[in-house]
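Descriptive structure summary
So you can see what is in the structure, the chains are spelled out below.
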Amino acid sequence: AVAPKCNIQCNYCIREFDCVNESRPGVTSKVLSPAEAVRKVREVTEKFSNIKVIGIAGPGEPLCNEETFITLALIYKQFPRLDLCLSTNGLLLPKKLDLLKEVNLQTLTVTVNTVNPEIGARIYSHVLSPEGRRLKGVNGAERLLKNQLEGIARAIEAGIVVKINTVM
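Throughout what follows, the structure given in this document is the object of discussion. Since the model is a prediction, treat every value here as computed from it, not as a measurement.

Here the focus is the packing of helix H3 (residues 93-102) against helix H5 (residues 137-157). For any two helices packed against each other, the geometry is given by the interaxial angle and the distance between the axes. At a minimum axis distance of 9 Å, the contact between H3 and H5 shows a crossing angle of 25°. With respect to their mutual orientation, H3 and H5 come out roughly parallel. Two packed elements cross with a definite hand, and for H3 against H5 that hand is right-handed. Within the contact between the two elements, H3 uses Leu-93, Pro-94, Leu-97 and Asp-98 and H5 uses Asn-147, Glu-150, Gly-151, Ile-152, Arg-154 and Ala-155. Here the contact of H3 with H5 is built from residues that sort into five nonpolar, two polar and three charged.

Below you can see the structure in the form of structure tokens.
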């Protein structure tokens, strides 16, 4: 967990609690610095030789946290045998895809909860556009979906394996 900031507010995501019984988006016990994350990768891979993949999934939106890219670059440099993956809401994917390619990201999970902006308006309280505007309702959901679809298509063209996730 290296990415605390998020650029959308899902109505189901509450980042206020943390306990051993919590297992849902937005929950973590501790946010690590990039250096701490690298130490954790080293510790885990020394203990378990079968580890093949390292992923970043939040607890916020990895693509709106600079720490994500620092962490991925450090891990790619120090552990080139490991596959890198990332989970994203996809809002910044078109803008950040080149940075992901630079660190040799192999797998990408994009959470797409709906392809209907009217339903999206009920799922998302707001979306912060890449330009910094707070978009609500159908406008926010349309912008998110547009960027998700564009980013997914570009990631596939770039040779990244893409998986679609849905929170129900």
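What follows picks up the thread again.
On the basis of which strands lie adjacent, the open sheet formed by four strands has the order E2-E3-E4-E7 and parallel pairing. With one partner strand each, in any of the chains shown, strand E2 (53-56) and strand E7 (161-165) form the two edges of the open sheet. The average angle at which neighbouring strand axes cross in this sheet is 20°, direction not considered. Of the strand pairs in this sheet, E2 and strand E3 (residues 83-88) are connected by four bridges, and their pairing is parallel. Bridging from a neighbouring strand, Ile-56 pairs with Leu-86 of E3. Where helix H2 (residues 66-78) meets the sheet, it contacts E2 and E3, and its direction lies at approximately 165° from that of E3.

One can describe the packing of helix H1 (residues 34-47) onto H2 by two numbers: an axis separation of 9 Å at closest approach and a directional angle of 35°. Taken as a pair, H1 and H2 cross one another with a handedness that is right-handed. Residues Pro-34, Ala-37, Val-38, Val-41 and Arg-42 of H1 pack against Glu-67, Ile-70, Thr-71, Leu-74, Ile-75 and Gln-78 of H2. When grouped by side-chain class, the residues that make up the contact of H1 with H2 number seven nonpolar, two polar and two charged.

Criteria and cut-off values
- Residues numbered from 1 in each chain as written.
- Predicted model: local features only at pLDDT ≥ 70, side-chain atom pairs only at ≥ 80, totals over all residues.
- Heavy atoms only, no water.
- Axes fitted to C-alpha atoms, helices over the stretch in contact; angles between N-to-C directions.
- Helix = DSSP H or I, 4+ residues; strand = E, 2+ residues; numbered from the N terminus.
- Parallel < 35°, antiparallel > 145°, perpendicular 65-115°, else oblique.
- Left-handed = near helix turned anticlockwise from the far one by under 90°.
- Contact = heavy atoms within 4.5 Å.
- Nonpolar A, V, L, I, M, F, W, Y, C, P; charged D, E, K, R; others polar.
- Pairing = 2+ DSSP bridges.

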